[in-house]
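Each chain, written out:
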Amino acid sequence: MNPLTLTIHEIRHRWKSSLLMVVIVGSLIAALTYFTVNNAGFQREIGRNARDIGSNVVILPAEVDQFRYHSEGGYSEVTMNDQVVQQLLEYKASLNHLIPMLERRVECVSQQNKITARLIGISASIPVPGRPKAPMQKAIKKGQVQLGATAAKRLGIPRDANGATVTIYDQRFTVGRINRVSGTWQDAAILIDLESIQTLLDLPNRLSRIEAIECTQEQCAATGLTSDVVLANELTRITDQAVLLRKEKMADARSSIRVLSNNNLALLRNALWMLLALAIAGLATLNSLHRQSEVGVLQSVGYGQTKVAVLFALRSLVLTLIAATMGIGVGACVAYWQSEPVFESTGNKFAVDWLATSYIGLLAMLLSVAASLLPAVLASTKHPAELIGRES
């Protein structure tokens, strides 16, 4: 009888212990698969939430009086050429999601009221080549404006108003959206498409500032410099038309979120692998020890050390293969089922990394074979008379 047939007969004979091993190992593999599959989603969600904290780098024209700029709540009428954006992209600066802006204080008129507010022309966020491309800021439709909550209230435009319009520089614009309360000066601002404000102000190709998110981790690791030094050095090499302001607390908060999340994920992943390894090793070893009497019988009918080891390894391999197949399937299905409610922003981008789950199954099978071989080999070195008759 060949080893595989013997293994199948043995699994059927010891079906209770075999079932126990499949259930325990399968459950742990399912948990590890669930974690591995959702880990990618968790990283995307953390990245999205960290990104949505806001831009932490502001690039201003070099001529800006920074004292006056801060005194007026981050407002300046000094402009720079929009070629700075292209220079940043070509250099592949340690930034991402560049948002060019142009702003002025203007008179805005509605049917109910008239206010003077900050009109901010803004483009869709521009990704730096080689970095994530999901837009941080979407483009505003031409012919439309977005009102801050306080500006809308002062203009007498309710949030549920349909077709409301405002007039700026004698041109009428439709109110496309009233933004939620942010608790900042943006509540009193009016947003418009960048090209539209450049046309209104007759300032083609001019920008008031560029907002961005820093991506300095690689450069900091390579050079040993801090983020502010890395960015300042890069901007000096790129252009002399601009200066850089870094919102340090916001940058540190974003970095802390990522580091803490990665550390917690690594801790949980290692704990699951340890539990899986201990479960497989313990069950395989226990099976080998309980079958010492069977080892004696096999030796007495001519089975050598190698054949005995193969029989034990095959049993562990077959059972772990069944457990891995069931565990990976269940873990992936549960992860898919929970992806959208768990990850509100990125759950619709769910995808199973089948390569990673294959590694889980392969490593589990290797662990089971290794755990079953040592006790079997040790038992097969003893004389059959010492083993036959032992309780199993």
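Residues numbered from 1 in each chain as written. Predicted model: local features only at pLDDT ≥ 70, side-chain atom pairs only at ≥ 80, totals over all residues. Heavy atoms only, no water.

A.B. asks: Would you explain the overall build of the protein chain in this entry?
C.D. replies: Helix and strand counts for the protein chain come out as 13 helices and eleven strands. Across the protein chain, the fraction of contacts at a sequence separation of at least 24, relative to all contacts at a separation of at least 6, is 79%. (Helix = DSSP H or I, 4+ residues; strand = E, 2+ residues; numbered from the N terminus. Contact = heavy atoms within 4.5 Å.)

A.B. asks: Is there a simple way to explain the packing of helix H4 (residues 83–91) against helix H8 (residues 227–238) in this structure?
C.D. replies: Relative placement of two packed helices is described by the angle separating their axes and the distance separating the axes. The interhelical angle for the contact between H4 and H8, taken along N-to-C directions, is 115°, at an axis separation of 10 Å. The angle between the axes of H4 and H8 places the two elements in the roughly perpendicular class. For H4 against H8, the interelement crossing comes out right-handed. Seen from H4, the contacting residues are Gln87, Leu88 and Tyr91; seen from H8, they are Glu234, Leu235, Arg237 and Ile238. Within the contact of H4 with H8, the residues separate by chemical class into four nonpolar, one polar and two charged. (Axes fitted to C-alpha atoms, helices over the stretch in contact; angles between N-to-C directions. Parallel < 35°, antiparallel > 145°, perpendicular 65-115°, else oblique. Left-handed = near helix turned anticlockwise from the far one by under 90°. Nonpolar A, V, L, I, M, F, W, Y, C, P; charged D, E, K, R; others polar.)

A.B. asks: What is the right way to read H4 from this model?
C.D. replies: Structural remark: α-helix, 3.6 residues per turn; residues separated by three or four positions point the same way. Along H4, the residues classified as buried are Val84, Val85, Leu88 and Leu89. Seen from one end, H4 has its buried residues packed into an arc of 140°, which puts them on one side. Just downstream of H4 lies Lys92, where phi reads positive at about 55°. (Buried < 20%, exposed > 50% of the residue type's maximum accessible area, 1.4 Å probe, protein only. Arc of directions from axis to C-beta.)

A.B. asks: Where do I start with H8 in this structure?
C.D. replies: Taking 1.5 Å as the rise per residue, H8 with twelve residues should run 16 Å; its terminal C-alpha atoms sit 16 Å apart, in good agreement. Those residues of H8 not exposed but buried are Ser227, Val230, Leu231, Glu234, Leu235 and Ile238. Burial along H8 is one-sided: seen end-on, the buried residues are contained in an arc of 125°. Facing away from the buried side of H8, by more than 90 degrees, are the exposed residues Thr236 and Arg237. The secondary structure elements touched by the buried residues of H8 are strand S1 (57–61), H4, strand S3 (95–109), strand S10 (209–214), helix H7 (217–223) and strand S11 (242–246). (Expected span 1.5 Å × (residues − 1).)

A.B. asks: Any chance you could explain a nonpolar patch on the surface here in plain terms?
C.D. replies: Where nonpolar side chains cluster on the molecular surface, the patch consists of Leu355, Tyr359, Leu362, Leu363 and Leu366 and spans about 500 Å² of accessible area. Residue placement: Leu363 occurs in helix H12 (residues 354–380). (Patch = residues over 30% accessible without salt bridge, like charges linked within 9 Å, V, L, I, M, F, W, Y side chains within 5 Å. Areas by Shrake-Rupley, 256 points an atom, 1.4 Å probe, with all protein chains shown as cover. Salt bridge = Lys/Arg side-chain N within 4 Å of Asp/Glu carboxyl O.)

A.B. asks: How do you make sense of the packing of aromatic side chains when you look at a structure like this?
C.D. replies: Given two aromatic rings, one states the distance between the centres and the angle between the planes to describe the pair. What the rule picks out here adds up to zero aromatic pairs. Over the aromatic face of Tyr75 sits the side chain of Arg105, whose NZ or CZ is 4.0 Å from the ring centroid. The cationic tip of Arg118 hangs over the ring face of Trp185; the distance from NZ or CZ to the ring centre is 3.9 Å. (Phe/Tyr/Trp six-rings, centres within 6.5 Å; stacked < 30°, edge-to-face > 60°. Lys NZ or Arg CZ within 6 Å of the ring centre and 35° of its normal.)

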